[in-house]
Each structure stands twice: as structure tokens, then as C-alpha cells.
Amino acid sequence: MMPVRHASGFTLVEMLIVISIVGILAAVAIPSFRIFMANVQIKSASEAILNGIQLARAEAVRRNAQVRFTLRGQTGWTVGCLTVVGDNDGDGLQDCPAVIQSRDATESASAVKTTVIPGGAATITFNGLGRIPDPDVGGVSLASSISDITIDNDNITTEQSRELRIQIRGASVRSCDPNVTLTGDGRKC
């Protein structure tokens, strides 16, 4: 006698139920995912700009020269020496080139926008001690130097956005969250 075999698989009704559940879950998750991705773009742009500023400060100390960070566009930047210095140590390389490193603004999402304080400023210059030079001692005017950069995203509402701010104070450069209100929280601006 032959054994009875049962067909394995799904019925049409079971497949329709699964597809309906997946559709409902996707409809709920997609808006949250869009907000999450917009906030990730803010964080990424903030870290890229912060890394450029920290690179400029580190190169100024390493080379004992004035090194400038220049913000280009919304999230692009260039780090380079104010005065190009030739080969002083005999290694065949410029000791302080005009462009040390740069980042193109197209590497970030187009919806990310930056707001610079004071308005119109685009540079930060660090001296050989890693500090912003005193304008009275051959430094640049602090009025033309960036003190704050706020990074936001135009694709989401203000309530959904987790905007970030980069603050430059003397030799201190840090990223903070202007929406944190809790006293003592290290993320607070």
C-alpha cells in the first residue's frame, strides 16, 4: 500500500494574509525610516565638518604653522596652510601645502544645510598652538572667523529634525545638540 503524501506549501489565502501584513508594516515603517535617514544625514555631515576642523587644528600644531579650515558650500571643506612653505627638511615635499585635504560638498545629501555664525564667515584659522590667533598679534579678525555651524535637513520638519551644532571656542571644538535642555547633559550647547 502506498503512503499518502500531503502537499507542502502555502494556500492562496495564507499568502494573501502574509502580503497584507507585510504591506501594513511597510506603510507604518517607511515614514519613520525616512525621518531616521534624514537625521543620519545630519549626523554624518556634522561629523565630516567636525573632522575637517579637527584636522586643521591638528595640522597647525604638527606643522607649527597657521592652517585654515574653509567651509565650501553646505558641507564641503578644504584644509590648507595660509602661507605655503617649501621643502625645509629635505624630504622633497612641501612642508605646508596650500591644500592639505579637502572634502567635496557632493559627498553629503543635498537636503543637508548649514547655518554659519557669524553670517558670511567661511573660515577658521588655527595657529601653531592649535588656537585661533589673536587678531591683535598678527591673527585674523574673529569677526570673520566661524564660531558656530548649525547642521539641519530640509526634508523633515523642525520637530522631527535632530539638528546639531559645532561650536568653536579658542582651542575647543565640539559638537552639541541645541535641543537638549537637561542641565548637566554633555550634549547640551
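Okay, so let's go over this structure. (Residues numbered from 1 in each chain as written. Predicted model: local features only at pLDDT ≥ 70, side-chain atom pairs only at ≥ 80, totals over all residues. Heavy atoms only, no water.)

### Considerations on the overall build of the chain
For the chain, the helix and strand inventory stands at one helix and eight strands. Counting across all 189 residues of the chain, residues that qualify as buried make up 34%. Accessible surface, the chain: about 11600 Å² in total, of which carbon and sulfur atoms supply 58%. (Helix = DSSP H or I, 4+ residues; strand = E, 2+ residues; numbered from the N terminus. Buried < 20%, exposed > 50% of the residue type's maximum accessible area, 1.4 Å probe, protein only. Areas by Shrake-Rupley, 256 points an atom, 1.4 Å probe, with all protein chains shown as cover.)

### What about the sheet that holds strand E2 (residues 76–81)?
Ordered by their spatial adjacency, four strands build an open sheet running E3-E2-E1-E5, and the pairing between neighbours is antiparallel. Every interior strand has two partners, whereas the edge strands, strand E3 (101–103) and strand E5 (123–126), have only one. Sheet twist, expressed as the average angle between the axes of neighbouring strands with direction ignored, equals 15°. Across four bridges, strand E1 (residues 67–72) lies against E5 in antiparallel orientation. Bridging from a neighbouring strand, Val-67 pairs with Phe-126 of E5. (Pairing = 2+ DSSP bridges. Axes fitted to C-alpha atoms, helices over the stretch in contact; angles between N-to-C directions.)

### A word on the side chain of Arg-103
Turning to its location among the elements, Arg-103 is positioned in strand E3. Dropping the residues within four chain positions of it, Arg-103 is found in contact with Ala-48, Arg-72, Thr-75, Gly-76, Trp-77 and Ser-108. (Contact = heavy atoms within 4.5 Å.)

### Looking at the state of the cysteines
One pass over the full model with this rule turns up one disulfide. The disulfide bridge from Cys-176 ends at Cys-189, spanning 2.0 Å between sulfur atoms. Handedness here is read from the sign of the S-S torsion; for Cys-176 and Cys-189, about 100°, the answer is right-handed. Separated by 13 residues along the polypeptide, Cys-176 in strand E8 (residues 172–176) and Cys-189 in the segment after E8 bring together distant segments of the chain. By relative accessible area, Cys-189 is classed as partly exposed at 32%. (Disulfide = S-S within 2.5 Å.)

### Describing the packing of aromatic side chains
Any aromatic ring pair is given by two values, namely how distant the centres are and how the planes are angled relative to each other. As enumerated under the stated definition, the model contains two aromatic pairs in all. Ring centres of Phe-69 and Trp-77 lie 6.1 Å apart, and the angle between their planes is 35°; this geometry places the pair in the tilted category. In this structure, Phe-69 and Trp-77 share a single accessibility class: buried. (Phe/Tyr/Trp six-rings, centres within 6.5 Å; stacked < 30°, edge-to-face > 60°.)

### Points about the nonpolar core
Core analysis: the biggest nonpolar cluster contains 29 residues, and Ile-53, Phe-69 and Ile-166 have the highest contact counts within it. Counting residues per element, the ones that place at least two in this core are helix H1 (12–63), E1, E2, strand E4 (112–117), E5, strand E6 (148–153) and strand E7 (164–169). Among the elements that take part in this core, H1 stands out by supplying eight residues, more than any other. Residues contacting Phe-69, with those up to four places away along its chain left out, are Ile-49, Gly-52, Ile-53, Ala-56, Trp-77, Thr-78, Val-79, Ala-122, Thr-123 and Ile-124. (Core = buried A, V, L, I, M, F, W, Y, C linked by side-chain atoms within 4.5 Å.)

### Let's talk about the pattern of salt bridges
One pass over the full model with this rule turns up seven salt bridges. Among the salt bridges present, the one from Arg-169 reaches Asp-148, with a minimum N-O distance of 2.9 Å. Of this pair, Arg-169 sits in strand E7 while Asp-148 is found in strand E6, placing the two residues 21 residues apart along the sequence. A salt bridge links Asp-185 to Arg-187; the shortest N-O distance between them is 2.7 Å. You can call Asp-185 buried: its relative accessible area is 19%. On the basis of relative accessibility, which here comes to 45%, the residue Arg-187 falls in the partly exposed class. (Salt bridge = Lys/Arg side-chain N within 4 Å of Asp/Glu carboxyl O.)

### A look at the environment of Gly-170
Structurally, Gly-170 can be placed in the loop between E7 and E8. Judged by relative accessible area, which is 26%, Gly-170 ranks as partly exposed. For Gly-170 and Ile-132, which are 38 residues apart along the polypeptide, the C-alpha to C-alpha distance reads 5.6 Å. If sequence neighbours within four positions are ignored, Gly-170 has contacts with Phe-126, Arg-131 and Ile-132.

### A look at the pairing of E8
Summarising the sheet, E7 and E8 pair through five bridges and their orientation is antiparallel. Paired with Ile-166 across the strands is Ser-175, a residue of E8. Hairpin connection, E7 to E8: the antiparallel pair is bridged by two residues, and Gly-170 has positive phi, about 60°.

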